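Structural characterization, general
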Amino acid sequence: QHAITILVKIGSVRAAPEIALAYNSVDHFVRWSAVRAVLALDERLGRELLKRAKSDAHPHVRSAAAKAENLLMQ
């Protein structure tokens, strides 16, 4: 999670595909961190990841994804 945060802070757009791979983590905190980070770096890839997160196994990730999508639609 810390590495993801650092990459976003430095605006490493090239890292977005690698960060997206973190969505495969068993830890739901890491999965949601990956979604947030990729959305901040690459909108197209971020939206793809957000779509996946809407059907995540963890209810907190699903809820956060739905809320994020609603905000992006406004």
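Fair warning: this is a prediction, and the values are worked out from it, not measured in the lab.

To continue, consider helix H3 (residues 28–41). End to end, H3 covers 20 Å across 14 residues, agreeing with the expected 20 Å (1.5 Å per residue, within 8%). Burial analysis of H3 places 10 of its 14 residues in the buried class, the great majority of the element. Those residues of H3 lying buried are His28, Val30, Arg31, Trp32, Ser33, Ala34, Val35, Ala37, Val38 and Leu41. Packed against the buried residues of H3 are helix H1 (2–9), helix H2 (16–21), helix H4 (43–53) and helix H5 (59–73).

Burial in H4 covers these residues: Leu45, Gly46, Leu49, Leu50 and Ala53. The buried side chains of H4 occupy one side of the element, clustering within an arc of 140° when seen end-on. Turned more than 90 degrees off the buried face of H4, the exposed positions are Arg44 and Lys51. Of the surrounding secondary structure, the elements contacted by the buried residues of H4 are H2, H3 and H5.

With that settled, consider the nonpolar core. Core analysis: the largest hydrophobic core is formed by 19 residues, its most contacted members being Ile19, Trp32, Val35, Leu49 and Ala53. If you list the elements that add at least two residues to this core, you get H2, H3, H4 and H5. The dominant element in this core, judged by the number of residues it contributes, is H3, at 6 residues. What Leu49 contacts, discounting residues up to four positions off in sequence, is Ala20, Tyr23, Ala34, Val35 and Val38.

Now for the packing of H1 against H3. Here H1 crosses H3 at 10°, and the two axes come no closer than 10 Å. Between H1 and H3, the interaxial angle falls into the category roughly parallel. Packed against H1, whose contacting residues are Ile4, Leu7 and Val8, the element H3 presents Ser33, Ala34, Ala37, Ala40 and Leu41 at the interface. Residue composition of the contact of H1 with H3, by class: 7 nonpolar, 1 polar and no charged.

Calculation criteria
Residues numbered from 1 in each chain as written. Predicted model: local features only at pLDDT ≥ 70, side-chain atom pairs only at ≥ 80, totals over all residues. Heavy atoms only, no water. Helix = DSSP H or I, 4+ residues; strand = E, 2+ residues; numbered from the N terminus. Expected span 1.5 Å × (residues − 1). Buried < 20%, exposed > 50% of the residue type's maximum accessible area, 1.4 Å probe, protein only. Contact = heavy atoms within 4.5 Å. Arc of directions from axis to C-beta. Core = buried A, V, L, I, M, F, W, Y, C linked by side-chain atoms within 4.5 Å. Axes fitted to C-alpha atoms, helices over the stretch in contact; angles between N-to-C directions. Parallel < 35°, antiparallel > 145°, perpendicular 65-115°, else oblique. Nonpolar A, V, L, I, M, F, W, Y, C, P; charged D, E, K, R; others polar.

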